[in-house]
Amino acid sequence: MKKPNLEHYVDAGKRATQWHADHKKRMKECKFDTIAVHGIYSMQEALDFNQGSTIEPIYMSASQGFRDSDEMEAALSYQIPTWCYSRIGNPSMYYLEGALALLETYGTDIDASCCATSSGMAAIYSACEPFLVFDKNNPTQEMNFVATCQVYGGTFQQFAVRKDEERNIKWKKVIDSSNIEEWESLIDENTRFLYGEMPSNPGQSFFDVEAVAKVAHKHGIPLIIDSTVATPALLRPLAYGADIVIHSVTKTMTTSGFGVSGAVIARKNLVSNIDNDFMKADFGMYIKALPNRDIGPNISPMNAILTLNDLRTLRSKVDLMSRSTMKVAEWLEKHPHIEQVDYLGLESHPLHELAKKYLVLVDSEYDDLYNEKVNRYGHLMSFRVKGGAQATRDVFDGLQRIFRATDLGRIKSIATIPAISTHSQQGEEARKLADVPANLIRLNVGAEHPDDVIADLEQALSVLDGHVIETSSPEYSAGGASSARLRK
Ligand SMILES: *Cc1c(COP(=O)(O)O)cnc(C)c1O
């Protein structure tokens, strides 16, 4: 038999690439649940390459071996599909990335690619940095980016300290993200991208992503959306013109809470004022193959498959947990010790109408239970306790089944006080800007029966029976030991 040469491997690689592309096309025709269950892993792949394994295998190997020098040369020059080394890629990572790209582009003919990362913060870093580079066309240029001020605490630090303070890359803050003129007024010729989190954590601010995408494109720059809280089961920002979606996959996508991970999903051929053709043509593949190869923030194969396994039931879980959250929110809204409930599903929320346009349970019109499009608002909400910081801690400390943890998106109900945890480092002024007062409890309602979640809240709130202190102006200081002493 003739020894295969480089040409032989390149030809075989072309056929394999075509086969994978055709299979993805076939999967794109399927409904959301089918894509979530199977992803891009096929029976043919299982039988021919994976000993019939019905579930995507966890490839723990750090590297891939090659048949001979020709195959190695073809692979390392990216002439054939390859994974080489698990810092860059790996079949297990590939299965997750393929599934996420299909879910985020569901119902559209958008072509997107995904790079899964070791955390949500790594995803944000990987998505933003390629735009914050030295521009040889204008070497004296100052850089800035425009982003909502209501963002996750870690994002706030990454933007305010790591970029703005340490590297003089100006963060121009959008205070009222529902005001489109405010977005546009902050853009200048040095703006590299727009960034928004929606619904935001914990404040649930929300904006018209379609209108903001138009503003970005008018100025030749991309729009990046942190869509962690919504998940593709409720919202797919690429369909409304966003260029890049990032996720803390750690959260609702990995509902079970096994591990930490993130993802960047980007449309192909995005707009940018940076002179880099590969980056613009296929952002997901670009960051995976080049910057992330050199920096090393990509996901581990173990975490990739743990997430993939949780994703299979995403739509039905998000539906169930959203309905329970609505029930809990409505109950809390009527409670005498509660000052305010923030949940986009409540008609009392100022952004309810806007959220209604965007947050729709995917495929509800094909679901026998509904047979029409129904709105669902996710399982993140927050509420403000009457009586200030200490009363809030007293209620929080009384929770008996709802875990006190800085976490969200879980199958188990979890609560936190953002002012003393996720949003403590950004300080009082920034908390005021983002409206994260000290009496705000963020609650993530899990998949328990909602009556049992309510029962736990009811007994915890009962510590305030008989001594409610009314406060008129909100406190943004985190309270704590000193204010506890004051009360005594
Ligand atoms: C948690 C979170 C992040 C950060 O993700 P990690 O996986 O914890 O790194 C980013 N954005 C939002 C909205 C989050 O809730």
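Since we're looking at a predicted model, the values are computed, not measured.

Draft legend 1. Looking closely at the overall build of the protein. What the protein contains, in helices and strands, is 19 helices and 12 strands. What you see for the protein is a C-alpha radius of gyration of 24 Å, in line with the 23 Å of a compact globule of 488 residues. By principal-axis analysis of the C-alpha atoms, the protein measures approximately 90 × 55 × 40 Å. Expressed as a percentage of its 488 residues, the buried residues of the protein come to 57%. The contacts of the protein with a sequence gap of at least 6 include a subset with a gap of at least 24, amounting to 72%. In the structure as shown, the protein presents an accessible area of about 21,000 Å², 52% of it carried by carbon and sulfur atoms.

Draft legend 2. Structural context of the sheet that holds strand β7 (residues 262-267). The mixed open sheet is built from 7 strands, whose spatial order is β1-β7-β6-β5-β4-β2-β3. Looking along the sheet, the strands with just one partner apiece sit at the ends: β1 (112-117) and β3 (170-174). Looking at each pair of strands side by side, their axes are set apart by 20° on average, direction ignored. Sheet topology places β1 next to β7; 6 bridges connect them, and they run antiparallel. Within β7, the position partnered with Thr117 by the bridge is Gly262. The strands that helix α6 (residues 120-128) touches are β1, β4 (191-197), β5 (223-226), β6 (244-248) and β7; relative to β6, the one it contacts most, it runs at about 160°.

Draft legend 3. Looking closely at unusual backbone geometry. In this model, Met198 is joined to Pro199 through a cis peptide bond whose omega is -20°. As for its placement among the helices and strands, Pro199 is situated in the loop between β4 and α9 (209-218). Here the bond from Asn201 into Pro202 is cis, since omega is 5°, no more than 30 degrees from zero. Of note, Pro202 is situated in the loop between β4 and α9. Positive phi is not limited to glycine here, since Tyr78 has a value of about 55°. The residue Tyr78 is located in the loop between α4 (69-76) and α5 (91-104) in this model.

Draft legend 4. Expanded view of the packing of helix α1 (residues 6-28) against α4. Here α1 crosses α4 at 50°, and the two axes come no closer than 8 Å. Between α1 and α4, the angle falls in the class oblique. In the packing of α1 onto α4, the handedness of the crossing is right-handed. Seen from α1, the contacting residues are Leu6, Tyr9 and Val10; seen from α4, they are Asp70, Glu71, Glu73 and Ala74.

Draft legend 5. A look at the pattern of salt bridges. Overall, the coordinates contain 23 salt bridges when judged by the stated rule. Between Arg293 and Asp294 there is a salt bridge, with its nearest N and O atoms 2.8 Å apart. Residue classification places Arg293 among the partly exposed positions, given a relative accessible area of 29%. Asp294 gets classed as exposed once you look at its relative accessible area, which sits at 53%. Members of the salt-bridge network, linked through shared partners, are Asp33, Arg315 and Asp367.

Draft legend 6. Main features of the packing of aromatic side chains. This structure, assessed with the given rule, holds 16 aromatic pairs. Centroid distance Phe278 to Tyr286: 5.3 Å. Interplanar angle 80°. Geometry classified as edge-to-face. We classify Tyr286 as buried; its relative accessible area is 13%. Ring pairs connect the aromatic residues Phe131, Phe145, Phe156, Phe159, Trp171, Phe193, Tyr195 and Phe283, which therefore count as one cluster. When the ring centre of Tyr366 is taken as origin, the NZ or CZ atom of Lys31, which lies over that ring, is 4.4 Å away. The ring of Trp171 carries the charged tip of Lys173 above its face, separated from the ring centre by 4.6 Å.

Draft legend 7. Up close: the environment of Ser185. Its location among the elements puts Ser185 in helix α8 (residues 180-186). According to the relative accessible area criterion, Ser185 is exposed, its value standing at 57%. When the C-alpha atoms of Ser185 and Ile40 are compared, they prove to be 42 Å apart, with 145 residues separating the residues in sequence.

Draft legend 8. Examining the sheet that holds strand β12 (residues 440-444) more closely. Read from one edge of the open sheet, 5 strands run β8-β9-β12-β11-β10, paired in mixed fashion. Of all strands in the sheet, those with a lone pairing partner are β8 (338-342) and β10 (403-404), marking the two edges. Pairing analysis gives 3 bridges linking strand β11 (residues 414-416) to β12, with the strands arranged antiparallel. In the strand pairing of β12, Ala415 is matched with Leu443.

Draft legend 9. Representation of the site of the ligand in the model. If you check the shell around the ligand, you find 15 residues, and the closest are Gly120, Asp226, Ser248, Thr250 and Lys251. Interatomic distance of 2.9 Å between a backbone N/O atom of Met121 and an oxygen atom of the ligand. The contact in question runs from an oxygen atom of the ligand to an N or O atom on the side chain of Asn201, over 3.0 Å. Notes on the ligand: free accessible area 380 Å², of which the protein chains cover 93%. With 3 residues, α6 is the largest single contributor of residues to the shell around the ligand. Residues of the shell around the ligand, tallied by class, amount to 5 nonpolar, 7 polar and 3 charged.

Draft legend 10. Structural detail: helix α18 (residues 450-461). Taking 1.5 Å per residue, 12 residues should reach 16 Å; α18 reaches 16 Å between its end C-alpha atoms and fits that length. Among all positions of α18, only Pro450, Val453, Ile454, Asp456, Leu457, Ala460 and Leu461 are buried. Buried residues of α18, seen end-on, are gathered within an arc of 160° and therefore sit on one face of the element.

Criteria and cut-off values
- Per chain, residues are indexed from 1 in the order of the written sequence.
- It should be noted that, the model being predicted, local features are given only for residues of pLDDT at least 70 and side-chain atom pairs only at 80 or more, the latter also being counted only at that level, while totals for whole chains, interfaces and linings use all residues.
- The basis for the side-chain values is all heavy atoms of the structure; hydrogens and waters are excluded.
- Each helix is a run of DSSP H or I of at least 4 residues and each strand a run of E of at least 2, with the numbering of both proceeding from the N terminus.
- C-alpha atoms define the radius of gyration in this analysis, and the globule rule sets the expected value at 2.2 Å times the number of residues to the power 0.38.
- Throughout this description, buried means an accessible area under 20% of the type-specific maximum (1.4 Å probe, protein chains only), exposed means over 50%, and partly exposed covers the range between.
- The contact criterion used throughout is that any non-hydrogen atoms of two residues lie within 4.5 Å.
- The Shrake-Rupley method, run with a 1.4 Å probe, gives the accessible areas here. Residue values count only the displayed protein chains as cover.
- Paired strands are those between which DSSP finds at least two bridges.
- Orientation is described by axes fitted as lines to C-alpha atoms, over the contacting stretch for helices, and by angles from 0 to 180 degrees between their N-to-C directions.
- An angle below 35 degrees is read as roughly parallel, one above 145 as roughly antiparallel, one from 65 to 115 as roughly perpendicular, and any other as oblique.
- Less than a right angle of anticlockwise turn of the near helix away from the far helix marks a crossing as left-handed, whereas a clockwise turn marks it as right-handed.
- In the sections that follow, a salt bridge refers to a side-chain nitrogen of Lys or Arg positioned within 4 Å of a carboxyl oxygen of Asp or Glu.
- In this analysis, rings of Phe, Tyr and Trp, with Trp reduced to its six-membered ring, are considered paired at centre separations within 6.5 Å, and the interplanar angle assigns stacked below 30 degrees, edge-to-face beyond 60, and tilted for intermediate values.
- Lysine and arginine charges are scored as sitting over a ring when NZ or CZ, respectively, is within 6 Å of the ring centre and within 35 degrees of the ring normal.
- Put simply, a residue is near a molecule or strand once any heavy atom of it comes within 4 Å of that molecule or strand.
- A 3.5 Å cut-off defines polar contacts: any pair of N or O atoms within that distance qualifies, except that in protein one atom must be a possible hydrogen donor and the other a possible acceptor, and neighbouring residues in sequence count only when both atoms are side-chain atoms.
- For this classification, Asp, Glu, Lys and Arg are treated as charged, while Ala, Val, Leu, Ile, Met, Phe, Trp, Tyr, Cys and Pro are nonpolar and the rest, including Gly, are polar.
- The length a helix should cover is 1.5 Å for every residue beyond the first.
- To obtain the arc, one takes the directions from the helix axis to the C-beta atoms.

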